[in-house]
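# Structural features, examined
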Amino acid sequence: MEKMHRARRGAPLAALAAGLLIALPALAQEQFIGLPSYRVGPYAAGGSGIYGGWIDYMTLINERDGGINGVKLSWEECETEYNNARGVECYERLKGKGPTGNTTFQPLSTGITYSVLEKVAQDKIPMVTIGYGRTDAADGRVFPWVFPMISTYWSQASGMVKFIGDKVGGLEQLKGKKIVYLYHDSAFGKEGIPLMEQSAQKYGFVLKQIPVAHPGNEQQAQWLQIRQEKPDYVILWGWGVMNPTALRAAARSGYPRDRIVGGWWSGSEEDTIPAGDAAKGYISANLSGVGADFPVIQEVQKHVYARNKGNMEDKSRVGSVYYNRGIVHGILTVEAIRTAQQKYGAGKPLTGEQVRWGFEHLNLDADHLAKLGATGLLPELKVSCADHEGAGKVKFQQWDGSKWLPLTDWIEADRSQVRGLIELSAGSYAREKGITLRDCSKEM
Amino acid sequence: MLYREAGQFKASYQADQQIFPIRQDRVGFALVLAFFFLLVPALANQYWLQAILIPVLIFSLAALGLNILTGYAGQLSLGSAAFMAVGAFAAYNFMLRVPGMPFLLALVLGGLCAAAVGVAFGLPSLRIKGFYLAVATLAAQFFIIWALTKFPWFSNHSASGVISAQAVVILGYAFDTPASKYLLTLTVVAVLALLAKNMVRSSTGRAWMAVRDMDVAAEVIGIRPLHAKLSAFAVSSFYCGVAGALYAYTYLGTVEPEGFNLDLSFKILFMIIIGGVGSILGAFLGAAFIVLLPIFLDNVIPKLFGGLLSSSFSSNLQLVVFGGLIIFFLIVEPHGLARLWQIGKEKLRLWPFPH
């Protein structure tokens with residue numbers, strides 16, 4: 001009888017303890033971010049670098065700061081193999097995970113971006129496409145859920161024209177010059193053409209478009225043609241194996257590499273190292289700073305790698321082009337969540353809709369960047385309802401044989417020219433789909 | 001004991017020649033159809049419908065097309081993805097440029113365009129065989145993708161060459177939910193699979209199989225090789241074209257020519273090899289294997305060892321395991337999964353006796 005009484009007294013205490021234990025995990029809610037990464041296949045270097053850098057930055061925020069205002073970040077990777085169908089499957093799989101669902105989708109593939117473009121609006125998940133994707137999504141009135149932040153392809157093309165203009169002594173000096181646009185024959189490669197054609201008309205230079213069939217490891221014919229044309233500059237708009245092949249072919253045909261200006265998907269260590277000596281002097285664009293000297297990367301080394309929690313297996317890749325781009329992805333995501341928390345309440349995980357507001361009101365000025373330790377790593381950025389691009393700036397760097405050296409500071413694209421094309425293209429999409437433009441003056 | 005046809009007498013030739021002569025087969029198949037038509041849309045969530053079932057159905061259809069060409073008619077083809085692209089872009093252009101075009105008609109017209117292109121690229125089959133024909137169809141693959149990228153008319157002059165499929169509306173009913181898209185895809189695939197099954201059982205199918213087995217002997221006994229081979233190309237490309245149109249309209253929503261690259265052609269070829277060449281069921285089993293197994297591995301392998309594997313390692317391990325399983329299945333049963341199913345049924349006929 002006594003034993004039963006003791007057991008009965010113990011039971012409510014045990015229930016209370018069990019209840020507390022069940023309740024405790026619910027208190028520590030986390031902000032979930034789905035990562036549709038690709039770590040295999042021909043583009044694995046880009047995928048592992050960028051997603052690795054992004055994961056490292058999120059680990060830094062969790063380890064050093066204890067999360068964003070106490071809300072820790074959690075993430076899960078889903079292998080897309082850079083394939084559209086797998087990307088769609090990953091999108092659907094990651095959609096519902098975490099306490100508030102997936103709060104941002106950044107596929108790092110233009111193909112996957114197009115495949116889920118219409119789904120993100122229905123599922124209320126902001127899609128951020130930094131330096132790729134659908135350029136005309138910069139018009140936030142037509143694409144409220146897509147953010148092609150920092151710079152789009154047309155801004156890159158405009159920046160390249162300005163850079164080449166600077167090199168020849170001014171944009172007026174471009175008249176009569178010849179520029180070859182050597183592009184990967186795909187949707188990605190053709191993205192730059194509208195702006196290049198418009199600029200050729202505006203500044204009076206001759207534009208010669210030369211396509212390279214995918215995957216681009218055969219460029220004899222193209223470089224023979226370039227040798228005949230004798231252009232002043234060659235713009236290399238390539239991806240993957242096309243890039244080192246172009247540099248080697250340029251060396252063989254005797255075209256000076258410091259007259260080749262590559263895009264930001266043609267300007268990484270994985271593009272220049274395979275080309276060996278042929279890459280020396282080659283110039284490329286970038287929308288993130290290069291090198292490991294940035295304070296934020298030092299912080300990552302201190303708080304993440306020193307505690308053996310780093311994501312990169314090859315630690316020498318910290319500070320490489322793709323890794324830094326990953327850190328930029330992390331910074332923009334975290335700061336957008338922080339911005340959203342200022343409106344929707346700190347200390348709890350936010351929904352995709354709230355994070356979208358955060359992205360749309362992201363304002364990273366020089367002071368903010370200095371506080372983050374990212375001055376020079378990314379440009380000052382101000383996203384708004386109508387302008388989802390936020391900066392439209394690009395930097396140029398040069399390969400010296402062993403590393404990338406910064407060549408210029410941030411060059412701003414001709415924003416009125418770029419914006420004009422964006423609004424034209426977004427407008428025709430809106431008409432085709434019957435979308436009414438958002439009235440940005442009415443929204444906060 | 002369970003799978004006997006004792007007591008099942010046929011009273012007409014029609015009954016004797018039906019696709020499922022054994023009653024248990026008919027009942028089983030009816031249950032399967034009821035499951036997929038009635039139970040699945042009611043119970044499955046969006047992830048299963050949108051990301052798992054619809055792509056399996058679409059690739060089953062494409063694999064069915066390739067199986068007709070390679071499995072039944074013996075013409076090796078590496079251009080199936082290109083014919084899918086033709087179907088997708090043709091259906092898109094018909095819906096875009098012809099006002100009031102019904103979706104199902106656009107689907108059929110897209111398939112017919114793909115069939116016409118298939119016949120054009122199948123002409124070399126009259127002179128070359130086997131490996132060499134595969135190279136000629138490889139030319140189809142590259143040429144069609146190049147043409148779709150090069151001529152902006154196909155993608156309605158979009159800057160990037162990407163086409164965005166219009167909404168699917170049939171008789172005023174909009175197919176915009178995953179369940180409705182799934183049912184539409186399932187219906188189309190079921191109807192076309194039935195047509196394919198009957199075609200291969202008919203004299204057309206027998207002509208194909210004769211050409212496959214020994215085309216000289218087939219010609220000698222009076223089968224016209226031109227007719228047989230080109231009809232195989234036409235039907236196969238029609239199926240691939242419809243699959244491509246469904247790929248654009250009910251699955252991805254937007255497609256670009258690069259999405260129908262050589263990798264996809266190889267994938268479809270692997271589907272019929274794993275599933276079983278020369279078998280209708282094989283197309284479905286192979287498509288399920290090739291589409292679902294990588295997703296299953298991606299769900300399971302990263303969580304192995306308590307998440308201690310680095311993501312790069314686990315992604316590469318998935319590819320290794322996938323390749324290993326393909327090799328394993330081909331060693332265990334070179335004739336594919338459909339043969340395993342057939343062996344299973346034969347053993348069930350004798351059960352509980354071993355022989």
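Residues numbered from 1 in each chain as written. Chains lettered and ligands numbered in written order. Predicted model: local features only at pLDDT ≥ 70, side-chain atom pairs only at ≥ 80, totals over all residues.

In this section: the domain arrangement of chain A. Residues and elements named next belong to chain A. Looking at chain A, the domain boundaries give domain 1 (29–151 + 290–391) and domain 2 (154–286). Distance from the C-alpha centre of domain 1 to the C-alpha centre of domain 2: 29 Å. Contacts between domain 1 and domain 2 engage 12 residues on the former and 14 residues on the latter. Here the side of domain 1 that touches domain 2 is composed, by residue class, of 6 nonpolar, 5 polar and 1 charged. (Domains from an automatic or database assignment. Contact = placed C-beta atoms within 7 Å. Nonpolar A, V, L, I, M, F, W, Y, C, P; charged D, E, K, R; others polar.)

Let's shift gears to the interface of chain A and chain B. Contacts between the two partners involve 27 residues from chain A and, on the opposite side, 26 residues from chain B. Elements represented by at least two residues in the side of chain A that touches chain B include exactly helix H3 (84–95), helix H4 (110–123) and helix H6 (187–190) of chain A. Ranked by the residues each element gives to the side of chain A that touches chain B, the list is headed by H3 of chain A, at 6 residues. Classifying every residue of the side of chain A that touches chain B gives 8 nonpolar, 8 polar and 11 charged. (Helix = DSSP H or I, 4+ residues; strand = E, 2+ residues; numbered from the N terminus.)

Residues and elements named next belong to chain A. Of all 7 residues making up strand S5 (residues 178–184), 6 are buried, and the element is well covered by its neighbours. Of the pairings in the sheet, the one linking S5 to strand S6 (residues 206–212) comprises 7 bridges and is parallel in character. From the neighbouring strand, histidine 184 faces S6, where its bridge partner is valine 212. The sheet contact formed by S5 and strand S7 (residues 233–237) spans 5 bridges and is parallel. Paired with isoleucine 179 across the strands is tyrosine 233, a residue of S7. (Buried ≥ 20, exposed ≤ 12 C-beta atoms within 10 Å, placed from the backbone. Pairing = 2+ DSSP bridges.)

In this section: unusual backbone geometry. Of note, the amide linkage connecting histidine 214 of chain A to proline 215 of chain A takes the cis form, showing an omega dihedral of -5°. Position of proline 215 of chain A among the secondary structure elements: in the loop between S6 and helix H8 (220–229). Each neighbour pair has its own omega, and for tryptophan 351 of chain B with proline 352 of chain B the value is 5°, a cis peptide bond. Structurally, proline 352 of chain B is set in the segment after helix H14 (337–350). The backbone of lysine 230 of chain A shows a phi angle near 50°, a positive value even though the residue is not glycine.

Turning our attention to the packing of helix H3 (residues 46–72) of chain B against helix H11 (residues 262–275) of chain B. Residue and element names in this part refer to chain B. Where H3 meets H11, the axes come as close as 9 Å, and the angle between the chain directions of the two elements is 75°. As far as their axial angle goes, H11 and H3 are roughly perpendicular. Between H3, through Phe59, Ala62, Ala63, Leu66, Asn67, Thr70 and Gly71, and H11, the contact on the second element is made entirely by Ile268, Leu269, Met271, Ile272 and Gly275. Looking at the contact of H3 with H11 residue by residue, the class counts come to 8 nonpolar, 4 polar and no charged. (Axes fitted to C-alpha atoms, helices over the stretch in contact; angles between N-to-C directions. Parallel < 35°, antiparallel > 145°, perpendicular 65-115°, else oblique.)

Next up on the list: the nonpolar core. Residues Ala62 and Ala85 of chain B are the most contacted members of the largest nonpolar core, which totals 222 residues. Of the residues forming this core, the biggest block, 18 residues, is contributed by helix H10 (residues 225–252) of chain B. There are two domains that each give this core at least three residues, and those are domain 1 (29–151 + 290–391) and domain 2 (154–286) of chain A. For alanine 62 of chain B, the residues in contact, after removing those within four places along its chain, are Ser80, Met84, Tyr239, Cys240, Ala243 and Ile268 of chain B. (Core = buried A, V, L, I, M, F, W, Y, C linked by C-beta atoms within 7 Å.)

All names here are of chain B. Its place among the elements puts proline 102 in the loop between helix H4 (80–97) and helix H5 (103–122). Among the residues examined, proline 102 registers 14 C-beta atoms within 10 Å and is labelled partly exposed. Residues proline 102 and leucine 186, 84 residues apart in the sequence, show an inter-C-alpha distance of 19 Å.

Our next topic: the confidence of the model for chain A. For residues with low pLDDT, the predicted coordinates do not support detailed interpretation. Residue and element names in this part refer to chain A. For chain A, the mean per-residue pLDDT works out to 89, and 93% of the residues sit at or above 70. Helix H1 (residues 2–27) is the least confidently modelled element of chain A, averaging 50 in pLDDT, while strand S3 (residues 127–128) averages 96, the highest of any element. Across residues 19–27, where pLDDT falls below 50, the model places 0 contacts with residues more than four positions away in sequence or in other chains. (pLDDT = per-residue confidence, 0-100.)

With that settled, consider H11 of chain B. Residue and element names in this part refer to chain B. Counted at 1.5 Å a residue, the expected span for H11 with its 14 residues is 20 Å, and the 20 Å between its end C-alpha atoms agrees. Within H11, 10 of the 14 residues are buried, which leaves it mostly tucked inside the rest of the structure. Taken residue by residue, H11 has Leu264, Ser265, Lys267, Ile268, Leu269, Met271, Ile272, Ile273, Ile274 and Gly275 as its buried positions. Where H11 is buried, its residues meet H3, H4, helix H6 (130–150), helix H12 (280–300), helix H13 (311–332) and H14. Following H11 by one or two positions, glycine 276 has its phi on the positive side, about 130°. (Expected span 1.5 Å × (residues − 1).)

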